[in-house]
Amino acid sequence: MTQDKSAQGVGRRDLLKLSAVAGAAIAGASLIGSRTAAAEGELSLKGKRIAISATGTDHFFDLQAYNAQIEEVKRLGGEPIAVDAGRNDGKLVSQLQTLIAQKPDAIVQILGTLSVIDPWLKKARDAGIPVLTVDVGSTNSINNTTSDNWGIGKDLALQLVSDIGGEGNIVVFNGFYGVTPCAIRYDQLVNVVKYFPKVKILEPELRDVIPNTVQDAFTQITALLNKYPEKGSIKAIWSAWDIPQLGATQAVAAAGRTEILTYGVDGSPEVLQLVADPNSPAGADVAQQPAEIGRTAIQNVARLLAGQTLPRETYVPALIANKANVNEVSKKLGIG
Amino acid sequence: MSVDIQLAPVIHFEPGVSTPKPSRSGNLAAGALRAGSLVAFVAILLVFSLTAPYFLSVGNIGNVLGQSAISGVLAIGLTIVLIAGGSNVVTGGIDLSLAANMGLSAAVYATAAQLGYGDATAVAAALLTGLLIGAVNAIAVVGAGIVPLLATLAVMNIVAGLELVLTQNTVIPASTPLLTALSSSGPLSIPALAYVLLVFTLIAAAIVQYTPAGLRLYAVGEFPDAARAAGLPVRRLVAGAFIASGLCGGFAGILSVSNLSGSTTGSGEMLLPVVVTALLGSVFSRRLVPTVIGTLLSTLFVGFLVNGFQLLNISSVLVSGVQGLLILLVVSATTLLRRQEA
């Protein structure tokens with residue numbers, strides 16, 4: 001693990017330099033569809049059929065990434081074959097099987113539980129179809145475009161620990177440890193908390209669910225607040241994404257326990273709004289740039305098909321939005 | 001015997017439907033619907049094979065068969081209950097616990113495999129889980145006399161809850177030699193699951209359509225009073241149908257673990273498609289009754305539809321809408337015909 005990390009650290013630093021330049025250009029141009037075509041002028045997918053397989057499009061992140069990918073394939077002159085499994089694993093596997101039979105020039109898989117999709121990504125690779133992924137690392141994928149989840153996890157954990165003054169109980173939603181980005185973010189929280197002996201993760205950890213994530217988080221937090229009725233007995237609520245955070249924030253507000261701050265990841269517009277509201281207990285939300293991630297993945301496909309070698313992972317910078325800078329971040333994402 | 005009479009409401013059937021007068025126009029219309037649905041099936045296959053690249057390739061057809069295996073096994077299990085209980089959706093036979101059953105059986109299999117038990121134990125545990133769920137349904141319906149719709153709805157909730165408890169709503173990966181064999185490709189590089197579906201259908205069809213026990217199921221479902229008068233063990237047959245259906249749920253669970261390389265959440269989403277598939281199956285039979293082969297055809301019909309849409313690159317947003325429309329058309333046509341027959 002440490003070896004992995006240091007190796008990735010080197011690659012990441014170089015990439016960050018590059019992406020900082022690209023990011024600055026994109027931030028300026030991202031408001032309305034005008035693209036930084038100059039830098040990517042030589043990229044083309046003319047005559048190529050690019051399969052885009054999404055685990056679902058019911059979250060802000062995957063919808064943005066999915067739509068941006070379809071548009072980017074079209075913009076580069078290719079034909080997208082886009083399928084959306086609606087967060088149903090059986091459907092996801094069937095769609096991948098059919099995609100393999102369709103023999104596209106490349107398959108881009110957005111998210112998914114690794115143990116479910118990996119055997120089929122391997123079959124695609126065995127069938128000679130290049131596989132790229134978005135936000136899910138797999139040994140069968142040539143390149144994974146993602147946010148730097150180590151950075152996200154660390155930034156969020158440090159923000160949390162600093163907001164609660166380095167001590168107190170925190171409640172954690174850890175229902176999707178099987179999903180790699182969630183696992184990394186959780187591990188980073190644990191790593192940070194380890195050095196703050198007065199911060200304690202309450203046991204048992206909560207499990208966020210799909211579907212009905214918001215309602216379920218609301219119910220679980222409401223029950224937990226009844227179990228810990230004293231003000232100050234809970235300082236913060238952490239979740240690996242921001243949909244449980246949404247339900248948790250509502251539950252905290254409804255119970256009048258606004259001394260408890262909530263933390264999450266993804267930059268869903270409704271959660272960013274809560275962070276921006278000075279009276280809301282939403283503490284911080286790390287915003288990924290899903291549309292940019294989607295476009296980058298497709299540009300990587302074009303680079304690969306043009307014979308270039310791709311790095312194992314391409315990192316698109318994420319932006320932490322806290323009470324102080326949320327308006328700035330929203331503007332950067334083109335939401336605000 | 002008096003107990004049997006109390007049971008009558010359970011397998012109660014609209015008298016009009018259970019004693020159809022073979023009116024000529026009704027027969028003609030039924031024939032037209034049957035022929036029409038087969039023609040529609042063939043026409044859709046034809047359109048897809050002309051317009052969708054790869055549609056007719058052996059690999060693709062094998063894929064559709066393999067992808068239909070799980071829903072097919074579940075729908076055939078439901079078909080057995082439909083046959084024994086009569087196909088009135090509200091008062092007749094129905095097993096709503098099937099999809100949840102599959103989910104729990106899959107979770108049991110995956111858990112057993114993770115705990116280091118061999119395939120034989122895991123298979124036995126999964127099938128036993130299905131069998132037990134079927135038995136609980138049978139007791140609730142035949143013993144307590146609860147309408148199947150409500151009894152199996154309650155059991156569905158219990159089973160889904162047990163699955164949550166067992167899996168904590170997480171994915172349990174599993175890998176065993178049997179799972180590897182099931183998820184690999186067989187002869188002609190057609191998925192092994194495709195062969196499993198075909199063999200399973202043949203066995204189920206042989207038992208249901210060609211053995212005395214199978215014929216008695218039809219008698220119990222369509223003419224419960226006559227069946228009772230003829231001295232058939234109505235209660236035992238209905239209970240048997242639920243147990244068989246439960247066993248199908250357990251078997252589907254094993255297939256699901258192989259397809260998804262473990263047990264995953266969201267099995268409940270299979271329920272409505274399976275119910276619709278089983279009900280749709282009637283249009284592929286001679287007398288518009290549920291049959292095993294009819295259910296297989298309707299499963300494949302839905303499977304080819306979804307597959308064709310993907311191959312034609314029709315936006316996935318449209319698929320479920322169009323699918324629902326087609327199903328609504330066929331089901332309303334069947335219902336209208338039944339009423340006409342009565």
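Trainee: Could you give an account of the overall build of chain B, naming the residues involved and the relevant values?
Mentor: Within chain B one finds 16 helices and two strands. Counting the 342 residues in chain B, one finds 53% classified as buried. Within chain B, contacts between residues separated by at least 24 positions form 79% of all contacts whose residues are at least 6 apart in sequence. As presented, chain B carries roughly 14500 Å² of accessible surface, and 74% of it is formed by carbon and sulfur atoms.

Trainee: So what's going on with unusual backbone geometry? Residues and values would help.
Mentor: Each neighbour pair has its own omega, and for A:Glu203 with A:Pro204 the value is -5 degrees, a cis peptide bond. On the secondary structure map, A:Pro204 appears in the loop between β7 (199-201) and α7 (213-227). Between A:Ile210 and the following residue, A:Pro211, the backbone shows a cis peptide bond with an omega angle of -5 degrees. Examined against the element boundaries, A:Pro211 turns out to sit in the loop between β7 and α7. Its identity is not glycine, yet A:Asp135 carries a phi of approximately 65 degrees, on the positive side. Here A:Asp135 shows up in the loop between β4 (131-134) and β5 (143-147). The backbone of B:Ser261 sits at a positive phi, close to 55 degrees, despite the residue not being glycine.

Trainee: How would you explain the pattern of salt bridges if you had to name every residue and give the values?
Mentor: Across all of its chains, the model carries nine salt bridges over all chains by this definition. A salt bridge links A:Arg87 to A:Asp62, with the nearest nitrogen and oxygen atoms 2.7 Å apart. Highlighted residues: A:Arg87 in the loop between β2 (79-84) and α3 (89-102) and A:Asp62 in helix α2 (residues 60-75), separated in sequence by 25 residues. We note that A:Arg87, like A:Asp62, is buried. Among the salt bridges present, the one from B:Asp225 reaches B:Arg228, with a minimum N-O distance of 3.5 Å. Remark: B:Arg228 and B:Asp225 occur in helix α12 (residues 224-229); sequence separation between them is three residues, near one turn of the helix. Judged by its relative accessible area of 57%, B:Asp225 is exposed. A relative accessible area of 9% places B:Arg228 in the buried class. A cluster of three or more residues bridged by salt bridges with shared partners is formed by A:Asp58, A:Asp62 and A:Arg87.

Trainee: I'd like a description of the nonpolar core, backed by residues and values.
Mentor: Residue and element names in this part refer to chain B. In terms of nonpolar packing, the biggest core is built from 89 residues, with Leu78 and Leu255 touching the most fellow members. Top element by residues in this core is helix α5 (residues 69-85). It accounts for 12 residues. What leucine 78 contacts, discounting residues up to four positions off in sequence, is Ile94, Asp95, Leu98, Val274, Val275 and Ala278.

Criteria and thresholds
Residues numbered from 1 in each chain as written. Chains lettered and ligands numbered in written order. Predicted model: local features only at pLDDT ≥ 70, side-chain atom pairs only at ≥ 80, totals over all residues. Heavy atoms only, no water. Helix = DSSP H or I, 4+ residues; strand = E, 2+ residues; numbered from the N terminus. Buried < 20%, exposed > 50% of the residue type's maximum accessible area, 1.4 Å probe, protein only. Contact = heavy atoms within 4.5 Å. Areas by Shrake-Rupley, 256 points an atom, 1.4 Å probe, with all protein chains shown as cover. Salt bridge = Lys/Arg side-chain N within 4 Å of Asp/Glu carboxyl O. Core = buried A, V, L, I, M, F, W, Y, C linked by side-chain atoms within 4.5 Å.

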